[in-house]
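This is what each chain is made of:
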Amino acid sequence: MQRSMMITAAALSLAMAASHASANTVLRASHQFPGGQGDIRDEMIQMMARHVEEADVGLEMQVYPGQSLFKAGEQWGALVRGRLDMTLLPLDYASGRHPEFSATLMPGLVRNHEHAARLNDSEYMDMIKEVIMDSGARVLADTWLAGGFASSEQCITSPDTVSGQNIRAAGPAFEQMLQAAGASIASMPSSEVYTAMQTGVLDAANTSSMSFISFRLYEQVECLTEPGDFALWFMYEPAMISEQVWQGLTEEQQTTLLEAGEAAEAYFAEEAAAIDQKMVETYEQNGIEVVRMSEDDYNAWLEIARETSYKNFADSVPNGQAIIDAALAVE
């Protein structure tokens, strides 16, 4: 009799636990970066998931790293249509649909990590987030990653060093500048760069410092150009939630997600500059030559960018000049 009562109690406990779990609203969070390997973008989303779980507000996040749920190029469309609940992605990947997003990967527009943090609370970012909201998504955490160049052919410093190289650029603004300098362009997400280099499709690439580490590109290149004091490359990669999904949550659940986003953003801000140094150390340890652009190199690139990327953006994007001016106004 006692054994029967114990079995019944255990079964009831399991049933209650299962009922509680099934009552949770489950949010699927997708990203393209390696999971469980120290990529800060994966760690940010995992941190948010832990925060949500600990809050016990009937909400759960399931994280799908490494394109295991959606391919890199599919995430934005799935998010704004409500087919995907959450993502962290390079916003410029969606510039084909919303050309305003090219301003989040504009050569030389962001000078350093401190400048990026100031941009988060500016009219410039208000304009970008208005487009995000109007499109059907909402930002939970702001993140900016510095980046550089790497090549299997020769070190990339001044504009003439890209001439004849087949290079991957992360978005239209960089593609226009690099093409004007004599490079051939191949478009693809960062998750495909390793294979493209391995098969000879690419000679060079520019991407974030974190992606240079996570995707082990040091196995395919001979020279790395680090951000240094003249970082030409900064990319905005926010954590976002579908607005359709957001509106279906309780106020308590929304507050929990905002708190999770704030904590993840603060964590990222502390780690951002260290990522650049980790990239340099990783490449040097693997025998890769590491160089920096000089101020003259940087200014030569900016001159090309102003005549190509900046001009095209201002001419072809509604409110384009105003977006650039708003960013440039932030000291």
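Let us look at the structure shown here. (Residues numbered from 1 in each chain as written. Predicted model: local features only at pLDDT ≥ 70, side-chain atom pairs only at ≥ 80, totals over all residues. Heavy atoms only, no water.)

### Focus on the overall build of the protein chain
Thought 1: Summing up its helical and strand segments, the protein chain has 12 helices and 12 strands in all.
Thought 2: At 22 Å, the protein chain has a C-alpha radius of gyration in line with the 20 Å of a compact globule built from 331 residues.
Thought 3: Taking the principal axes of the C-alpha coordinates as reference, the protein chain spans close to 85 × 45 × 30 Å.
Thought 4: If you take every contact in the protein chain between residues at least 6 apart in sequence, the share linking residues at least 24 apart comes to 77%.
Thought 5: A total of about 14,300 Å² of accessible surface is found on the protein chain, and carbon and sulfur atoms cover 47% of it.
Thought 6: Taking the average location of the 18 positive side-chain charges in the protein chain and that of its 48 negative ones, the two points are 7 Å from each other. (Helix = DSSP H or I, 4+ residues; strand = E, 2+ residues; numbered from the N terminus. Rg over C-alpha atoms; globule rule 2.2 N^0.38 Å. Contact = heavy atoms within 4.5 Å. Areas by Shrake-Rupley, 256 points an atom, 1.4 Å probe, with all protein chains shown as cover. Lys, Arg positive; Asp, Glu negative; His and termini not counted. Charge placed at Lys NZ, Arg CZ, Asp CG, Glu CD.)

### Concerning unusual backbone geometry
Thought 1: Despite not being glycine, Asp 56 has its phi angle at roughly 55°, a positive value.
Thought 2: Here Asp 56 lies in the loop between α2 (40-55) and β2 (59-64).
Thought 3: When its relative accessible area of 54% is taken as the criterion, Asp 56 is described as exposed.
Thought 4: Located in the positive-phi region is Asn 319, a residue other than glycine, with phi close to 70°.
Thought 5: Turning to its location among the elements, Asn 319 is positioned in the loop between α11 (295-316) and α12 (320-328).
Thought 6: The partly exposed category is assigned to Asn 319, whose relative accessible area is 48%. (Buried < 20%, exposed > 50% of the residue type's maximum accessible area, 1.4 Å probe, protein only.)

### Looking at the sheet that holds strand β3 (residues 86-88)
Thought 1: The strand order across the open sheet built from five strands is β2-β1-β3-β11-β4, with neighbouring strands paired in mixed fashion. Looking at which strands have only one partner, the edges of the open sheet turn out to be β2 and β4 (137-141). Between one strand and the next, the sheet's axes are offset by a mean angle of 25°, whatever the strand orientation.
Thought 2: Here α2 sits on the sheet and contacts β1 (25-30), β2, β3, β4 and β11 (239-242); the angle it forms with β2, its principal contact strand, is near 160°.
Thought 3: This element, helix α10 (residues 251-285), spans β1, β2, β3, β4 and β11 of the sheet and lies at about 50° to β4. (Pairing = 2+ DSSP bridges. Axes fitted to C-alpha atoms, helices over the stretch in contact; angles between N-to-C directions.)

### Let's talk about the pattern of salt bridges
Once the charged atoms of two side chains with opposite charge are near each other, the side chains can pair.
Thought 1: Within this structure, the stated rule accounts for eight salt bridges.
Thought 2: Of the charged contacts in the structure, one is a salt bridge between Arg 216 and Glu 219, with a shortest N-O distance of 2.6 Å.
Thought 3: Owing to a relative accessible area of 42%, Arg 216 belongs among the partly exposed residues under this scheme.
Thought 4: Here Asp 229 ties to Arg 292 by a salt bridge, and the two come within 3.6 Å at their closest N and O atoms. You can see Asp 229 sitting in the loop between β9 (223-225) and β10 (233-236) and its partner Arg 292 sitting in the loop between β12 (289-291) and α11, a full 63 residues away along the chain.
Thought 5: Overall, the relative accessible area of 46% leaves Arg 292 in the partly exposed class.
Thought 6: A network of salt bridges, in which partner residues are shared, links Asp 39, Arg 41 and Glu 237. (Salt bridge = Lys/Arg side-chain N within 4 Å of Asp/Glu carboxyl O.)

### So, the state of the cysteines
Thought 1: Inspection of every chain in the model, using the stated rule, returns one disulfide.
Thought 2: Cys 155 shares a disulfide with Cys 223; S-S distance 2.1 Å. Its S-S torsion of about 105° marks the bond between Cys 155 and Cys 223 as right-handed, since a negative value means left-handed. With a gap of 68 residues between them, Cys 155 in the loop between β5 (144-151) and β6 (166-168) and Cys 223 in strand β9 connect regions that are remote in the sequence. When sorted by exposure, Cys 155 lands in the same class as Cys 223, which is buried. (Disulfide = S-S within 2.5 Å.)

### Examining the nonpolar core
Thought 1: If you look at the biggest cluster of nonpolar residues, it comprises 60 residues, and the most contacted ones within it are Trp 76, Tyr 124, Ile 128, Ile 132, Leu 178, Leu 232 and Trp 301.
Thought 2: The contact partners of Leu 178, leaving out residues within four places of it in the chain, are Phe 149, Val 162, Ile 167, Ala 169, Ala 183, Ile 185, Asn 206 and Trp 301.
Thought 3: In this structure, Phe 33, Leu 145, Phe 212 and Ala 272 belong to the second largest nonpolar core, which totals 48 residues. (Core = buried A, V, L, I, M, F, W, Y, C linked by side-chain atoms within 4.5 Å.)

### Section: the pairing of strand β8 (residues 204-208)
Thought 1: Counting buried residues along β8, five of its five residues qualify, which places the element largely inside the surrounding structure.
Thought 2: In terms of strand pairing, β6 meets β8 through two bridges, oriented parallel. Among the inter-strand pairings, Ile 167 is bridged to a residue of β8, identified as Ala 204.

### Brief notes about the packing of α11 against α12
Thought 1: For the pair α11 and α12, the least separation of the axes is 6 Å and the interaxial angle reads 130°. The angle between the axes of α11 and α12 places the two elements in the oblique class. In this structure, α11 uses Tyr 310, Phe 313 and Ala 314 to contact α12, whose residues at the interface are Gly 320, Gln 321, Ile 323 and Ile 324.
Thought 2: Within the contact of α11 with α12, the residues separate by chemical class into five nonpolar, two polar and no charged. (Parallel < 35°, antiparallel > 145°, perpendicular 65-115°, else oblique. Nonpolar A, V, L, I, M, F, W, Y, C, P; charged D, E, K, R; others polar.)

### A look at the side chain of Ser 95
Thought 1: Take Ser 95: it is sitting in the loop between β3 and α4 (113-119).
Thought 2: Judged by its relative accessible area of 9%, Ser 95 is buried.
Thought 3: At 2.8 Å, the side chain of Ser 95 and the backbone oxygen of Asp 92 are in polar contact. (Polar contact = N/O pair within 3.5 Å; in protein donor to acceptor, adjacent residues only side chain to side chain.)

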